[in-house]
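# A structural walkthrough
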Amino acid sequence: MDGLPNPCFVLAPMDGMTHASFRTICFEYGADGATTEMIQSLALGRAKKRLSAAFAETMIRYPDEGNLAAQLIGRNPAMMAESARRLTAMERFDAIDINMGCPARKVVGSGNGAALMKEPELAIEVMRAVREATVLPVRLKMRLGWDAEHITAPQLARAADELGFQSIVVHGRTRTQMYSGDVNVEALRELCASVRIPVLANGGVTCAEDALAFLEKTGAAGVSIGRAALKQPWVFDDIRRLRAGEAVPKRLAPERVRLLIRLATLACGHRPEKVAISEMRKFSGWLLPGLTGYREVLLALNGIADLEGYRRLLEGYLNGLERANDLEVHPELTPEASLDTVRQR
Ligand SMILES: Cc1cc2nc3c(=O)[nH]c(=O)nc-3n(C[C@H](O)[C@H](O)[C@H](O)COP(=O)(O)O)c2cc1C
């Protein structure tokens, strides 16, 4: 699959989360591939001067990242093509990915993302324009359709196949389902069997066992994992171990705390320190629950705006846990966390 193994287990694109630093952590845990956050083609295709720092940041690639696709969003074929040309000229990405899955109101309201699934002719025009604009492999990310009455994924998958796309990722829900409700495994299975190019299944995977069961049930060429990776970036390592018949380790306090400090350090390398550290509240809130005293640490984070302060707080916390010989995750201290609580804005 041009640089991706079969089967492959990749990190799904998540706006505001899957920047270079978080992707690097997932690659270190063995993710086979990743995609940037979505890049607005209207902004990139028209840009005349230097890009704003925040916009340019969505296109940063860290040296240790593995197979990385840049994701474009837009409905204007000419702008999508121009953006694909510019991304190709950067010589930094392994593929271009087209976003036809985003359900966010502000995105579909302007006819972008999953809204294109209601206009399959235009969607195919966009796909053709991008395919013709770049020498890089092109991928498509979509849902099953807009709603149960408009299931256009089979039509778009056939078009992607005919246009010579590298692969397709399909989130097994419609736009109206947003991020919850049943993933339609049967529809994914039919889609995977209907085209020659590899189809990766996406939606609702909660852990490594789940990812392997999803692969089996859908007959997909791979699995794309989103929200579960935010809470368990090690899910890719767990998958590798399970497939090799090895035991999956418990992820204890030292691994979680060191991971967070490393993530914060990496994030400060590509964005202002204050922004990076403020964002660490989110990641800390996913990785610390279950450890004794984690609530106090999350509260204390509110007063911290620099990397050194973040490191000192977490190292002090870990020292305390080590002295008390209390490194385990306690299920009774873990709030009932549902993946559905993490949604796109
Ligand atoms: C916070 C958030 C941001 C997302 N941003 C994007 C995006 O930029 N591009 C995209 O194609 N999908 C985006 N998605 C959708 C995910 O890639 C994925 O399809 C969806 O979360 C279902 O997979 P999961 O159940 O494994 O999370 C986003 C999802 C979330 C939760």
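The rules behind the values
- Residues numbered from 1 in each chain as written.
- Predicted model: local features only at pLDDT ≥ 70, side-chain atom pairs only at ≥ 80, totals over all residues.
- Heavy atoms only, no water.
- Domains from an automatic or database assignment.
- Contact = heavy atoms within 4.5 Å.
- Buried area = accessible area lost by both parts, 1.4 Å probe.
- Salt bridge = Lys/Arg side-chain N within 4 Å of Asp/Glu carboxyl O.
- Polar contact = N/O pair within 3.5 Å; in protein donor to acceptor, adjacent residues only side chain to side chain.
- Buried < 20%, exposed > 50% of the residue type's maximum accessible area, 1.4 Å probe, protein only.
- Helix = DSSP H or I, 4+ residues; strand = E, 2+ residues; numbered from the N terminus.
- Pairing = 2+ DSSP bridges.
- Right-handed = clockwise from strand over helix to strand, strands pointing away.
- Phe/Tyr/Trp six-rings, centres within 6.5 Å; stacked < 30°, edge-to-face > 60°.
- Lys NZ or Arg CZ within 6 Å of the ring centre and 35° of its normal.
- Expected span 1.5 Å × (residues − 1).
- Near = heavy atom within 4 Å.
- Areas by Shrake-Rupley, 256 points an atom, 1.4 Å probe, with all protein chains shown as cover.
- Nonpolar A, V, L, I, M, F, W, Y, C, P; charged D, E, K, R; others polar.
- 1 Å grid on protein atoms, 1.4 Å probe; cavity = no way out; pocket = protein on both sides within 12 Å on 5 of 7 lines; lining within 4 Å.
- Points joined across faces, edges and corners; volume = space filled by probe spheres on them.

## Some remarks on the domain arrangement of the protein chain
A common measure of how large an interface is: the accessible area buried when the components associate. Segmenting the protein chain into domains produces domain 1 (8–243) and domain 2 (253–328). Each of domain 1 and domain 2 has a C-alpha centre, and these two points are 30 Å apart. Tallying the contact residues gives 17 residues for domain 1 and 15 residues for domain 2. Taking both sides of the interface into account, the surface hidden between domain 1 and domain 2 amounts to around 1500 Å²; carbon and sulfur atoms contribute 64%. Three residues stand out in domain 1 for area buried against domain 2, namely E57, Y62 and W234, and they jointly supply 29% of the buried area on that side. One can count two salt bridges joining domain 1 with domain 2. Taken together, domain 1 and domain 2 are joined by nine residue pairs in polar contact (both at pLDDT 80 or more).

## Points about the pairing of strand β3 (residues 67–73)
Counted residue by residue, β3 has seven buried out of seven residues, so it is predominantly covered. Where strand β2 (residues 33–40) and β3 come together, six bridges link them in parallel fashion. Across the sheet, residue Q40 finds its bridge partner in β3, namely I73. Where β3 and strand β4 (residues 95–100) come together, four bridges link them in parallel fashion. Bridge pairing links Q71 to D97 in β4. You can see the chain leave β3, run along helix α4 (residues 77–89) and come back into β4, and the turn it takes is right-handed.

## Side note on the packing of aromatic side chains
For the coordinates displayed, the defined rule picks out three aromatic pairs. Ring centres 6.4 Å apart and planes at 75° place the aromatic pair Y29 and W234 in the edge-to-face group. In this pair, Y29 is assigned in the loop between α1 (20–28) and β2 and W234 in the loop between α10 (227–231) and α11 (235–243), connecting sequence segments 205 residues apart. Like W234, Y29 is buried. What links up through ring pairs into an aromatic cluster is the set F22, F283 and W286. Above the ring of W146, the side-chain terminus of K118 is found at 3.9 Å from the ring centroid. Over the face of the ring belonging to Y179 we find R143, whose NZ or CZ atom lies 5.3 Å from the ring centre.

## Topic: helix α6 (residues 120–133)
Here α6 contains 14 residues, and its C-alpha end-to-end distance of 20 Å stays within 8% of the 20 Å for a straight helix at 1.5 Å per residue. Judged by how many residues are buried, α6 sits mostly within the fold: 10 of 14 residues are covered. Three or more residues of α6 are buried, namely P120, L122, A123, I124, V126, M127, A129, V130, R131 and A133. In this structure, the buried side of α6 is in contact with α4, β4, β5 (138–145) and α7 (153–162).

## Describing the site of the ligand
Around the ligand lies a shell of 20 residues, among which P13, Q71, N202, G204 and R227 are the nearest. Between the ligand and P13, the relevant distance is 2.7 Å, taken from an oxygen atom to a main-chain nitrogen or oxygen of the residue. Look at the ligand: alone it shows 610 Å² of surface, and the protein chains cover 99% of it. When the residues that make up the shell around the ligand are grouped by side-chain class, the tally is eight nonpolar, eight polar and four charged.

## Focus on the pattern of salt bridges
Counted by the stated rule, this structure contains 20 salt bridges. Note that E65 and R23 form a salt bridge whose closest N and O atoms lie 2.6 Å from each other. Of the two residues, E65 sits in the loop between α3 (53–57) and β3 while R23 sits in helix α1, which places them 42 residues apart along the sequence. The shortest N-O distance in the salt bridge between R271 and E279 comes to 2.8 Å.

## Looking at the side chain of H270
Position of H270 relative to the elements: it lies in the loop between α12 (253–268) and α13 (273–287). A distance of 3.0 Å separates the side chain of H270 from the side chain of S21, its partner in a polar contact. Only 3.4 Å separates the side chain of H270 from the side chain of E57, close enough to count as a polar contact. With sequence-adjacent residues up to four places away left out, H270 is seen in contact with H19, A20, S21, E57, I60 and Y62.

## Things to note about empty space enclosed by the protein
Per the stated rule, a full pass over the model turns up one cavity of 30 Å³ or more. Estimated volume of the largest cavity: approximately 110 Å³. With three residues, the single largest contributor to the lining of the largest cavity is β2. Along the lines of polarity and charge, the residues of the lining of the largest cavity split into eight nonpolar, five polar and three charged.

## A few points about unusual backbone geometry
Cis geometry is adopted by the peptide bond preceding P7, which originates at N6 and carries an omega value of 0°. Examined against the element boundaries, P7 turns out to sit in the segment before β1 (8–11). Backbone geometry places M178, a non-glycine residue, at a positive phi of 55°. Within the secondary structure layout, M178 lies in the loop between β6 (167–174) and α8 (185–194). For M178, a relative accessible area of 24% gives the class partly exposed. At N325, a position not held by glycine, the phi torsion is positive, near 50°.

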